[in-house]
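Residue-level structure breakdown
For reference, the chains in residue letters:
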Amino acid sequence: MIIRKLSLYNFKNHSEKTFDLSPQINCFVGNNGVGKTNILDALHYLSVGKSFLGNTDLNNIKKDEDFFSINAEIQNDDSEDIIKISQPKEAKKIIKKNDKTYDRLADHIGYLPSVMISPYDSNLISDSGESRRKFLDSMISQTDSEYLFGLMQYQKTIQQRNALLKYFAKNRTWDKDSLEIYDDPIKKSGTQIYKKRKNFVEKLNPIVQSFYEIISGGKESVSVVYESHLQEDSFENLLKESLDRDRMLTYTSKGIHKDDLLFDMDSVLIKKIGSQGQQKSFLISLKLAQMSLVKELTGKTPILLLDDIFDKLDDTRVAQLIKLVNQENFGQIFITDTHRERTESVVKKINEESIIFEI
């Protein structure tokens, strides 16, 4: 999958911009605040239909404008596809492939897989389990459409069960039979999600370890560990045994919506003992493993988005990273940086087909 051309209209701070892209390395350079990261965010939209920065769609419309649009020409094996994403102020977002509108965003996810490496990745280590669950869900969703539909169904059913628990508490009433209506759909979708997550992490972990050994020189061992209530008991027993607690808390306290990923170094959480350099190396290994596994499972080569990595890693590590990615044949790469000379000196040595855009 190669993005040949990218056009932005009223997207964040960009009124109108078009880029004819290299199939290899594309660099966007310029001062802070000129909108380099916004271009990567547009590419992220093409992949998963939303911002990687967590902005709402309406907030990405340029000030005083009525819409934004992201258009791309994408080389897909022997054919070319046109992807268009538009967000009017007064209507819902539309995603089209070759002028045919997707009925659901979920139908588009997986078409153009992507991996982002950015300064915000450190949140995966420092934040709560929710950010790691979202990361895991995002990885699997790009490889398995059934997973995404199952996850949406599970989340909807949990919301309904929680709403009923809150209704009981507010009205000082209780109807166990009404609550148990949700048990079967929760167990069915939740158990499937658990199995898919477990299987995915089992495949991901050795790849992370392999990349970390290359990047760090093998000075310490790392691992990604999947943690779930379903490792302790069946979903049926979990719901049954936590019923009184759920009634008191007014929400469902056990289930795969509480799952987590543990990032370990020498069998201790990396956030407790890992230096900044070790944590950065681990996160890069995690993202490269994501790319490798997505490629293995889908047969598609993800695009790689590298945001501001020169300011977070020394030039030598950046050169090693880009060289490693090229060697692994990970496909098209997009990089942002504030210094043209620094970027040029690194990428031109690795690939002459690289293009540098001044923003």
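- The name that an unreviewed UniProt entry assigns to the chain is DNA replication and repair protein RecF, with the source organism given as Chryseobacterium aquaticum.
- Listed in UniProt under the heading Sequence similarities (unreviewed entry), the comment for the chain reads: "Belongs to the RecF family."

**So, the domain arrangement of the chain**
- Here the domain parsing of the chain yields domain 1 (1–113 + 301–358) and domain 2 (126–299).
- Put simply, the middle of domain 1 and the middle of domain 2, counted by C-alpha atoms, are 28 Å apart.
- With 22 residues of domain 1 at the contact, the number on the domain 2 side is 17 residues.
- Both faces considered, domain 1 and domain 2 share a buried interface measuring about 1700 Å² in area, 72% of it formed by carbon and sulfur atoms.
- At the boundary of domain 1 with domain 2, the tally comes to 0 residue pairs in polar contact (both at pLDDT 80 or more).
- When contributions to the side of domain 1 that touches domain 2 are tallied by element, the ones reaching two or more residues are α1 (36–48), β12 (303–306) and α11 (315–327).
- Tallying contributions element by element places α11 first for the side of domain 1 that touches domain 2, with 4 residues.
- Among the residues forming the side of domain 1 that touches domain 2, the class breakdown is 13 nonpolar, 4 polar and 5 charged.

Conventions adopted
Residues numbered from 1 in each chain as written. Predicted model: local features only at pLDDT ≥ 70, side-chain atom pairs only at ≥ 80, totals over all residues. Heavy atoms only, no water. UniProt positions renumbered as here; feature names shortened; annotations may be inferred. Domains from an automatic or database assignment. Contact = heavy atoms within 4.5 Å. Buried area = accessible area lost by both parts, 1.4 Å probe. Polar contact = N/O pair within 3.5 Å; in protein donor to acceptor, adjacent residues only side chain to side chain. Helix = DSSP H or I, 4+ residues; strand = E, 2+ residues; numbered from the N terminus. Nonpolar A, V, L, I, M, F, W, Y, C, P; charged D, E, K, R; others polar.

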